[in-house]
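Observations on chain architecture
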Amino acid sequence: MEFIKVTEQKEPFIALIELNRPKELNALNKQLMEEVRDALQALDKNDQVRVIIITGNEQAFAAGADIKQMADKSAIDMLLIDQFSTWDQIRRTKKPIIAAVSGFALGGGCEFAMTCDMIIASETAKFGQPEIKIGTIPGAGGTQRLTRAIGKAKSMELILTGRFLSAEDALYYGLVNKVVPKEMYMLETMQLAKEIAQLSPVAVQLAKEAVNRSFETHLDEGLAFERKNFYLTFASEDQKEGMKAFVEKRKADFKGK
Ligand code: HXC
């Protein structure tokens, strides 16, 4: 791995992926995204991992797709490079992913953070889709995910002007889960990850899948999907253990089965 660093057990059951192209503000070239995809596929299969954190560094989560790599490409070059099949594979990760964002999360960087399930931001974080300023538009879901996250008016403003959204505004508009001082964002992310890692990984996976389905379907179908996943949890040992522990007034010990 050249452009990312993976720590499988940062804490028990918690894996950390650090984007590591600091000189380019973690600009997302093709290889970096493929490394992320490969890491996520391996972590998804590793039963010692229940929650995945993705982060950059203090200065940048990621300043977007690599503009230098794209600058001279034709439409057909871009089509054949087919970078978004990698993004589609990333989106299919079954385990929960938390983005810990400090500094720039721009263009593909903002889209990457939004592809994760939750975002914890440092108060220095700056989100934006500034593609319009370089004569293009978001291509990895920005027009769709940002609009679903913060609504049409603000999303139009950001995407049509390229303005940045401060961490405080990102919280106000519901793009991020929490904003904390710069020294705290990794700690805060770890707290959230630890809380989820104690729960049944089977139930967590089925819950993530059901929440994501709400963006892809109408209510009737979404409710039916949720119901099936709800029933499915009753096939797990974790559901038996969870409910038994409640009745016996003790802490549940979830095995992920
Ligand atoms: C390639 C990048 C880069 C990028 C920064 N760098 N962003 N290289 N692609 N997206 C490089 C710079 O060229 C420079 O390297 C180094 O990182 C530091 O950047 P500076 O510009 O010198 O830093 P600063 O003045 O602090 O400005 C920070 C910044 C600015 C505001 C984040 O770098 C910026 O505007 N970056 C581009 C943001 C952007 O437009 N993103 C959207 C990309 S399109 P050198 O070696 O030159 O000094 C996109 C499409 C997504 O994401 C769809 C497909 C996935």
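What this report covers is the structure whose coordinates are included nearby. (Residues numbered from 1 in each chain as written. Predicted model: local features only at pLDDT ≥ 70, side-chain atom pairs only at ≥ 80, totals over all residues. Heavy atoms only, no water.)

As a general point, the strands of a sheet are linked pairwise by backbone hydrogen bonds and lie either parallel or antiparallel. Across the sheet, 6 strands lie side by side as S1-S2-S3-S5-S7-S10; this open sheet has mixed pairing. Edge positions in the open sheet fall to strand S1 (4–11) and strand S10 (178–180), since each of these has one partner strand only. Mean inter-strand twist for the sheet, computed between neighbouring axes without regard to direction, equals 20°. Sheet analysis places strand S5 (residues 97–101) next to strand S7 (residues 118–122), joined by 4 bridges and oriented parallel. Paired with Val101 across the two strands is Ala121, which belongs to S7. Packed onto the sheet, helix H9 (residues 185–197) meets S1, strand S2 (13–19), strand S3 (49–55), S5, S7 and S10 and runs at close to 160° relative to S3. (Pairing = 2+ DSSP bridges. Helix = DSSP H or I, 4+ residues; strand = E, 2+ residues; numbered from the N terminus. Axes fitted to C-alpha atoms, helices over the stretch in contact; angles between N-to-C directions. Contact = heavy atoms within 4.5 Å.)

For the rest of this paragraph, the subject is the sheet that holds strand S4 (residues 60–62). Here 4 strands make up an open sheet; going across it, the order is S4-S6-S8-S9 and the pairing mixed. Each edge of the open sheet carries a strand with a single partner, namely S4 and strand S9 (164–166). Ignoring strand direction, the axes of neighbouring strands in this sheet form an average angle of 20°. Where strand S8 (residues 126–128) and S9 come together, 3 bridges link them in antiparallel fashion. For Gly128, the partnering residue across the bridge sits in S9 and is Phe164. The strands touched by helix H5 (residues 108–115) within the sheet are S4, strand S6 (104–106) and S8, with S6 carrying the most contacts at an inclination of about 90°.

Read these as geometric descriptors, not functional statements.
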